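Here are the chains, one letter per residue:
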Amino acid sequence: MRSIAIINQKGGVGKTTTAVNLSAALAAEGHRVCIVDLDPQAHASLHLGIALAEGAPSIYDVLTSDTRIADVKRQVSDRLSIVPSHLDLAAAELELAGEVGRELILRDKLAQEELDCDFLLVDCPPSLSILTLNALTAVNEVFLPLQPHFLALHGLSKLLRTIEVVAQRLNSNLRLSGVVLCMYDSGTRLAAEVSADVHNFFDQQSASDKSWENARTFQTRIRRNIRLAEAPSFGQSIFEYAPQSHGAEDYRDLAREVLELSLEQRKTALAFAAA
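Residues numbered from 1 in each chain as written. Predicted model: local features only at pLDDT ≥ 70, side-chain atom pairs only at ≥ 80, totals over all residues. Heavy atoms only, no water.

Student: I'd like a rundown of the overall build of the protein chain, residues and numbers included.
Tutor: Tallying secondary structure elements over the protein chain gives twelve helices and eight strands in all. Taking 19 Å as the expected radius of gyration for a compact globule of 275 residues, we find that the protein chain reaches 18 Å, a close match to that expectation. Principal axes of the C-alpha set define a box for the protein chain whose edges measure 50 × 45 × 40 Å. Buried positions account for 51% of the 275 residues belonging to the protein chain. Here the analysis covers contacts within the protein chain between residues at least 6 apart in sequence; of these, 80% occur between residues at least 24 apart. Only carbon and sulfur atoms are counted for the fraction: they give 50% of the accessible area of the protein chain, which is about 12,800 Å². Of the charged side chains in the protein chain, 26 are positive and 35 negative, and the gap between their average positions amounts to 4 Å. (Helix = DSSP H or I, 4+ residues; strand = E, 2+ residues; numbered from the N terminus. Rg over C-alpha atoms; globule rule 2.2 N^0.38 Å. Buried < 20%, exposed > 50% of the residue type's maximum accessible area, 1.4 Å probe, protein only. Contact = heavy atoms within 4.5 Å. Areas by Shrake-Rupley, 256 points an atom, 1.4 Å probe, with all protein chains shown as cover. Lys, Arg positive; Asp, Glu negative; His and termini not counted. Charge placed at Lys NZ, Arg CZ, Asp CG, Glu CD.)

Structure representation (C-alpha cells):
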C-alpha cells in the first residue's frame, strides 16, 4: 500500500482538491483508495458528499478514544472510501497536548487494522500542527501542492525542514515524492518562472541526502478551472460533476504519473534487492 500525505501549510493552493480528485482518479484506474480527512474544516468529506450529523463518529474519535478506523470509514464508491472529519477535530490539538506519543496516534491506529486498499491519502490541515505531524508519521510519502506564484513559495523551507525533522526523528521512511503545480495559468510568465524555479531547486537536491532528494515536479499541471471550484458544492469529484472538463483531464493525467512513479519505485527496489 502506498501511503501519501497531501500537505501545505498555506491554504488555498489546491490541497484538498488534489487529495479528493487524485483519489477519485486512482479509483477510476481500478485501485482501491482510502482518504483520511485530517482537516477540521472537513472539506474533503464535504467534497465527496459526506456531511456528518452531530455526534456521528469521525477521525476525531479515532484520535481521542478507542474508536476504530473501520467504525468511522464511509464508502463513497466501489473503490473509494473516506475516513471523514468534523469540526470537533479542532479540539483535538488541546485534548492531545498531554498525551505521550501524541504524534504517533494515527500511525498506531492504522497499524491495528487492515484497510484493504492500494492507496491511502491523507488530506492535512493548512498548518504544521499535531494533526499534520500525525499524518507525517503515518505515511511514507508526501505530495506538495503549490500554486505557482511568489507567496505560495513563501514558507516552503519551513515545510521542508518539518519533513526532514520528522524523517530523522519519527519516521525514517518518510520522503517528499513530488510537487503538484495547481491553479496553473500557462498564459502568464510568472507561472512559468516559478515552475522553473521549483524544478531547478529540487533538481539541485538530487544528491543532498535529504528526505526530498528524489522529489520531482510532476509534469502534469492542474490548470485553473472553474469546474474544479464548483464540484465540491455538489458533493462530487470532478469526474462525476464535469468528466469532460480540463480539471478532470488534468487529474487523470496526474493519476497516471503517480502510477508510473509506483512502477519506477518497484523497479528500483528490485534492483536494490538484487545488488
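Student: So, the pattern of salt bridges: which residues are in play, and what are the values?
Tutor: Scanning the entire structure with this criterion turns up 15 salt bridges. With a closest N to O distance of 3.9 Å, Glu 113 and Arg 68 form a salt bridge. Of the two residues, Glu 113 is situated in the loop between α5 (105-111) and β5 (119-123) and Arg 68 in the loop between α3 (59-64) and β3 (74-75); the sequence distance between them amounts to 45 residues. Two residues, Arg 107 and Asp 108, come together in a salt bridge whose shortest N-O distance is 3.2 Å. Via salt bridges that share partners, Arg 2, Glu 141 and Arg 175 belong to a single interconnected network. (Salt bridge = Lys/Arg side-chain N within 4 Å of Asp/Glu carboxyl O.)

Student: Mind laying out helix α1 (residues 15-28), listing which residues take part and the relevant values?
Tutor: Look at α1: 20 Å from first C-alpha to last across 14 residues, which is about the 20 Å you get at 1.5 Å a residue. With twelve of its 14 residues buried, α1 lies for the most part within the structure. Taken residue by residue, α1 has Lys 15, Thr 16, Thr 18, Ala 19, Val 20, Asn 21, Leu 22, Ser 23, Ala 24, Ala 25, Leu 26 and Ala 27 as its buried positions. Phi turns positive, to about 100°, at Gly 30, one or two residues after α1. (Expected span 1.5 Å × (residues − 1).)

Student: I'd like a description of the nonpolar core, backed by residues and values.
Tutor: Counting 49 residues, the largest nonpolar core has Leu 38, Ile 59, Leu 63, Leu 174, Leu 176 and Phe 202 as its most contacted members. The biggest single contributor to this core is helix α8 (residues 156-169), with six residues. Apart from residues lying up to four places away in sequence, Phe 202 is in contact with Leu 160, Leu 176, Val 179, Trp 212 and Ala 215. With 36 residues, the next largest nonpolar core counts Ile 6, Ala 56, Ala 242 and Ala 255 among its residues. (Core = buried A, V, L, I, M, F, W, Y, C linked by side-chain atoms within 4.5 Å.)

Student: I'd like a description of the packing of aromatic side chains, backed by residues and values.
Tutor: Following the criterion strictly, the structure yields two aromatic pairs and no others. Judged by centre distance (4.9 Å) and plane angle (25°), the rings of Phe 234 and Tyr 241 are stacked. One residue, Arg 221, lies across the ring of Tyr 184, its end atom 5.7 Å from the ring centre. (Phe/Tyr/Trp six-rings, centres within 6.5 Å; stacked < 30°, edge-to-face > 60°. Lys NZ or Arg CZ within 6 Å of the ring centre and 35° of its normal.)

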